[in-house]
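Topology and contacts: notes
Each chain, letter by letter, is given below.
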Amino acid sequence: MTAPATLRAEPGPTARPIPRHRGIPWIGAPREILSHPGRYLLEGYRRLGPVFRFQIFGMEMVALIGPDANRLVMTTHREKLSHAEGYRIVRDVLGDGLLFQDGETHRRNRALMMPAFHQQGVQRYFDVMLEVTRAHLERWASERHGLALERFRDLTFEIMARLVLGVDAGLDLARLRQLNDELARGAIFFPRVDVPFTPYGKALRALDELKRQLRGVVRARRDTPSTDALGRLIAARDESGAALSEDELVEQCVILTFAGHETTASMLASLALALRDHPPWEARLRDEQHRVRGEAPLALAHLDELDLL
């Protein structure tokens, strides 16, 4: 599934109508879309093909599914699509980070953020990932049974916090994780009425608290150079020598904190399910691990040789 985006319409040749997925007029199928979006979209793909439309509370949505669609939205036609408009429904909950920006603003901030994820920093990132993963694996082994998605979320959240915000950020990771969970629930909650006891209202208040915490981290870190992502973002300068402002740094940290772990945790849980359902592939991956690294500790250099993985 592609990321949400809005097409900037331009005159062109007449095309055939886009088929519509099932749903109640105007209302759509909110329960299915919000609780099991993958299942709803997969059903549409199987019935109608890789391009179809549907509604949710009056919003007209078009699904583009598959690698060609992702290439079109993310690269070849990105300038003809507005991620800011496509994500408008969640921006009040998730802030105004790079994911929701278009045009020159997106290009400038993307260029400023790229050094934080450059190859030079990967070795340090890899070492932290390995250290945290080993600690979590040891705990999982002692606990025996547990929910895979929750465990992967805990793992990826701690990695994100250490790599993006810094190992010694002085934050309460449990509270930070709770705030992110409230953002996730509020982002897909309808109706979107700012009442404190609703998931949407709680998300707006969680965003305010998260920004306060992150602003404190940014201010404390300005005089403490470091090689984690936040340190590199603070040090980054554009072509004119200008840096990201404090507000911009906070907004980018919000989306990095939120998006920097959820999608990875979901991917890892999906991989675990896929390997459970396809034992021959699990055996092939284990064989590849033994062939590439033998009894040696996993190193960054091994990753280029793990072709199947």
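In what follows, the structure referred to is the one given above.
Our subject in this report is the structure included herewith. (Residues numbered from 1 in each chain as written. Predicted model: local features only at pLDDT ≥ 70, side-chain atom pairs only at ≥ 80, totals over all residues. Heavy atoms only, no water.)

**Thoughts on the nonpolar core**
Stated formally: We call a set of buried Ala, Val, Leu, Ile, Met, Phe, Trp, Tyr and Cys residues a nonpolar core when their side-chain atoms join them within 4.5 Å. When accessible area is computed with a 1.4 Å probe and restricted to protein chains, residues below 20% of their type maximum are described as buried, those above 50% as exposed, and intermediate ones as partly exposed. Helix and strand labels come from DSSP, where a helix needs a run of H or I of at least four residues and a strand needs a run of E of at least two; each type is numbered from the N terminus. Here, two residues are considered to be in contact whenever any of their heavy atoms come within 4.5 Å of each other.
Grouped together as the largest cluster of nonpolar side chains are 50 residues, with contacts concentrated most on V93, L94, L183, L210, L214 and L233. Elements with a minimum of two residues in this core: α5 (88-94), α6 (103-113), α7 (119-143), α8 (148-165), α9 (173-187), α10 (199-221), α11 (229-235) and α12 (246-277). Every residue in contact with L94, bar those within four places of it in the chain, is listed here: F100, L183, V254, I255 and F258. If you look at the next biggest cluster of nonpolar residues, it comprises eight residues, including I33, L41, F54 and A63.

**Things to note about the packing of aromatic side chains**
In plain terms, the rule: Pairing of aromatic side chains here covers Phe, Tyr and the six-membered ring of Trp, requires ring centres within 6.5 Å, and sorts the geometry by plane angle: under 30 degrees stacked, over 60 edge-to-face, intermediate tilted. The rule for a charge over a ring is simple: NZ of Lys or CZ of Arg within 6 Å of the ring centre, and within 35 degrees of the ring normal.
Applying the stated rule across the entire model yields five aromatic pairs. Relative to F54, the ring of F52 has its centre 6.4 Å away and its plane inclined at 40 degrees; by these criteria the two rings are tilted. Exposure class is identical for F52 and F54. Each is buried. Residues W140 and F152 carry aromatic rings whose centres are separated by 5.7 Å and whose planes lie at 85 degrees to one another, so their mutual orientation is edge-to-face. Of the two residues, W140 is situated in helix α7 and F152 in helix α8; the sequence distance between them amounts to twelve residues. Counting every residue linked through ring pairs, the aromatic cluster contains Y40, F52 and F54. The ring of W281 carries R284 above its face, with NZ or CZ at 4.3 Å from the centroid.

**Some words on α10**
Note the following rule: What a helix is expected to span follows from its residue count: subtract one and scale by 1.5 Å.
The terminal C-alpha atoms of α10 lie 32 Å apart, and with 23 residues this matches the ideal 33 Å at 1.5 Å per residue to within 8%. All buried positions along α10 are accounted for by Y200, G201, A203, L204, A206, L207, E209, L210, L214, V217, V218 and R221. For α10, the elements touching its buried residues are α5, α8, α9, α11 and α12.

**Examining the pattern of salt bridges**
Test applied: Think of a salt bridge as a Lys or Arg side-chain nitrogen and an Asp or Glu carboxyl oxygen that are within 4 Å of each other.
Going through the model one piece at a time under the given rule, you end up with 30 salt bridges. Put simply, E60 and R20 hold a salt bridge, and the shortest N to O gap is 2.9 Å. Taken together, the positions of E60 in strand β3 (residues 59-64) and R20 in the loop between β1 (6-7) and α1 (30-35) put the pair 40 residues apart, joining distant regions of the chain. You can call E60 partly exposed: its relative accessible area is 39%. Judged by relative accessible area, which is 37%, R20 ranks as partly exposed. Across the pair E251 and K211 runs a salt bridge whose closest N-O atoms are separated by 2.9 Å.

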